[in-house]
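Residue-level structure breakdown
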Amino acid sequence: MASASRQPERAPPEDNPYVREPELEFAPVEDLDAGQAREQAQALREAIDHHDYRYYTLNDPIVSDHAYDRLFGRLEELEEVFDLDRQGSPTRRVGGPVLDELETVDHVSPMLSLDASEEAEEVRSWADMVEGKVGDVAFSCEPKFDGFSIELVYEDGQIARAVTRGDGRRGEDVTENVLTIGQVPTTIPDAPDLLAVRGEVYMPKSAFQAFNEERVQRGEDAFANPRNAAAGTVRMLDPSTVARRPLSLFVYDILETSAPDPDTQQAAVERLRGYGFPVPDRHELVDNVEGVIAYRERLVEDREDLDYEVDGAIAKVDDQSVWDELGTTARHPRWAFAYKLPPKTGTTRMQGITVQVGRTGQLTPVAMLEPLDVQGVTIRRASLHNAEQVAELGVGEGAEVTVERAGDVIPQVKQVLEPGQTSFTMPETCPVCGSEVVQEGPQHFCTGGLACPAQLRARLEHYGSREAMDIEGLGEKTAHLLVDEGLVTELVDLYELTVEDLVALDRYAEKSARNLVEEIEASRDTDLTSFLYGLGIRHVGRDTARRLVERFTLDELMDATEDQLREIEGLGPKVAAAVRRLFTSEAGRGTVEALRAVGVSPRREQGGDELAGLTVVFTGALEGYTRREATEMLEHHGANVTSSVTSNTDYLVVGEDPGSKLDEAREREVPVLDEEAFEAEIVDRLPP
Ligand code: IVH
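Residues numbered from 1 in each chain as written. Predicted model: local features only at pLDDT ≥ 70, side-chain atom pairs only at ≥ 80, totals over all residues. Heavy atoms only, no water.

Section: helix 24 (residues 661-668)
- For helix 24, every residue scored as buried is listed here: L662, A665 and R668. Buried residues along helix 24 cover an arc of 135° about the axis, so they all sit on one side. Pointing more than 90 degrees away from the buried face of helix 24 are the exposed residues R666 and E667.
- Just downstream of helix 24 lies E669, where phi reads positive at about 60°. (Buried < 20%, exposed > 50% of the residue type's maximum accessible area, 1.4 Å probe, protein only. Helix = DSSP H or I, 4+ residues; strand = E, 2+ residues; numbered from the N terminus. Arc of directions from axis to C-beta.)

This is how it looks when you write it as structure tokens:
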């Protein structure tokens, strides 16, 4: 009995010209008086908020990006010129100023937690208790979202604040951050004077994977699961960083309203939908407790297909008029119960710990496990992150451990039931190349640099990747082969490879050998951003590389001090130190010099910032450009070209034979451009 879309969607603001005719001409701002400016700004806010709602919550925009940008630009201009109060304005979505700390504020009503169990019998006895007090009831069922809970308060239809759960009575004010989530309405037409609601901020599983991969590429630690990613993000001090992260929201409860209370939970959810909030997509009304149990079974079955993590099914007594009568215990309301899902964890024994060496030389202890099945997936290894964590957990061979699989990342060791041998220490020398290992904070690194085959293989693969030197054919397998066969002992050896060398390996036909050698040749002519990125400097992703190039030539960069590097806005001490380290270390500087000596001559691209803030992803082959040319052209004008489609992607440009990114883009409603549209929308608008 799904009750998905009975209620009409949120109505557009009445008679708003910028909803009806978004291309409407604006009079010059100078011709407006303050009153007219305020009025126009108000109309623009409502219209933009409605367009946000259509785009983010319904995935069904009714205006072009161009029209939207015009409206947004005009609103920003009015706010600036007439110094308007920006409370409730969608212009706050782009991320406000960096904060020193989060302020603590009181909740409108205390945020309790729920009584919960994984046992059907407990659910039945809860239902018995309810029915004993108030007679037979129907239950409204919803997923229990495994995210980060949040209270949103609206005053006079405008968002006043967003508050974290905190200790339940007081939480932290995270308004600026939460406003960057496009689904959060900034203005609610027809809202009561006071409206406080509760919901859950989460990171969609699909976006989480891409987001984590990008972090790892930048040399940052991966988040263990989407919940941690969401929680860590909501509490950040820099809202513009939050704005770039893919967060979503479900709102499921009206905490306080100056309008009459809804009669039922189903009505509450429908009212929330009518206000424009994203509401649980699987809420269902069931007649009795057996219906709750069946609902939860379906949730278990569908769990992997949902784009959010769930950790339970919540049954709420639908008739809210009996909620007061049921009352609360010390910590929980009696009108609701969480029937938990089996955790995505399992218990097994550790066979030992191995140490892996990554591209940056980082050593990661990995638990080798007796294989176990966790909700249909066989797990053999689990990350232990670093030596500190191994020590904290106190694990080793023979330990009995609980392993969690969350957000489809590498499983993690969560808990130790029996310690086993606890004698693990990080090796003092690299398990792959024998070089000395150094410690930086909790992390250990092999100092072998490119002399370490593990690092060399990974670096080589990175150097050849599309976003770096774009050497087709230099993938993981080839990189391994070249290193393992001793053909490449440092990056520069690539440029000395001959067709004969490759053919002699038996794995190469003459043609593919020739192709690879030609690809390597062609990579000598490259741009500086790709080259710097290709060097695989810790913490330096493409975006950072581009910013370095905007400021320095390669020669300048090789001699830049940390202070000079840090003059680049937003470039932190870790990045500056890593860049400096590369160019002062014998191996790093030597590699760059050797590459230049064999004719790798990176051009410094200097362009404008016409496309600043635009994030584009390519898939498939374009006719008029190589991938490389297209990327360079956009980056040259300040755009960000990334490899995976996330909710921050502005366009997916598709060529021949597009890959799975196209499905991803369709799913996320990311605008898709074919080559012709790409030229019309982007290329033709660039200055010559
Ligand atoms: S209703 C009195 N509905 O689960 C609490 N909570 O232990 C009423 N949660 O911290 C909460 N999904 O943040 C409710 N559909 C849902 C939920 C939900 C997740 C969280 C909530 C709370 C915890 C309850």
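Looking at the pattern of salt bridges
- Tallied over the entire structure, the rule returns 38 salt bridges.
- The salt bridge partner of E142 is K316, with a shortest N-O separation of 3.0 Å. In this pair, E142 sits in strand 3 (residues 139-145) while K316 sits in strand 10 (residues 310-317), placing the two residues 174 residues apart along the sequence. For the residue pair E142 and K316, the accessibility class agrees, reading buried in each case.
- Between D559 and R589 there is a salt bridge whose closest N-O contact spans 3.1 Å. You can see D559 sitting in helix 19 (residues 554-559) and its partner R589 sitting in helix 22 (residues 586-597), a full 30 residues away along the chain.
- Here the residues in one salt-bridge network are R10, D49, D52 and R93, joined through shared partners. (Salt bridge = Lys/Arg side-chain N within 4 Å of Asp/Glu carboxyl O.)

Describing the site of the ligand
- Near the ligand there are 15 residues, and of these E142, F145, S149, E200 and K316 occur at the shortest range.
- Measuring from a nitrogen atom of the ligand, one finds a backbone N or O atom of P143 at 3.0 Å.
- Within the side chain of E200, an N or O atom sits 2.8 Å from an oxygen atom of the ligand.
- The protein chains hide 92% of the 510 Å² of surface that the ligand would expose on its own.
- Counting residues per element, the ones that place at least two in the shell around the ligand are strand 3, strand 7 (194-202) and strand 10.
- At four residues, the largest contribution of residues to the shell around the ligand is made by strand 3. (Near = heavy atom within 4 Å. Polar contact = N/O pair within 3.5 Å; in protein donor to acceptor, adjacent residues only side chain to side chain. Areas by Shrake-Rupley, 256 points an atom, 1.4 Å probe, with all protein chains shown as cover.)

Re the sheet that holds strand 9 (residues 284-286)
- Across the sheet, five strands lie side by side as 2-11-10-3-9; this open sheet has mixed pairing. Whereas interior strands pair on both sides, the edge strands pair on one side only; in this sheet they are strand 2 (116-117) and strand 9.
- Two elements, strand 10 and strand 11 (residues 336-340), share five bridges in a ladder whose sense is antiparallel. If you follow K316 over to strand 11, its bridge partner there is A336. (Pairing = 2+ DSSP bridges.)

Quick notes on the confidence of the model for the protein chain
- Looking at the protein chain, pLDDT values average 88 and 97% of them are 70 or higher.
- Ranking the helices and strands of the protein chain by mean pLDDT puts strand 3 first, with 97, and helix 6 (residues 205-217) last, with 78.
- Throughout residues 1-7 the model reports pLDDT below 50, and contacts reaching past four residues in sequence, or to other chains, amount to 17 contacts. (pLDDT = per-residue confidence, 0-100. Contact = heavy atoms within 4.5 Å.)

Let's talk about the sheet that holds strand 19 (residues 615-619)
- Here we have four strands laid out as an open sheet, ordered 20-19-21-22, and parallel in their pairing. Sheet topology places strand 20 (640-642) and strand 22 (672-673) at the edges, where each strand pairs with a single neighbour.
- Two strands pair when backbone bridges link them, and strand 21 (residues 651-654) and strand 22 are joined in this way by two bridges, in the parallel orientation. Bridge pairing in strand 22 places L652 opposite V672.
- On the sheet, helix 24 packs against strand 19, strand 21 and strand 22 and is oriented at approximately 145° with respect to strand 21. (Axes fitted to C-alpha atoms, helices over the stretch in contact; angles between N-to-C directions.)

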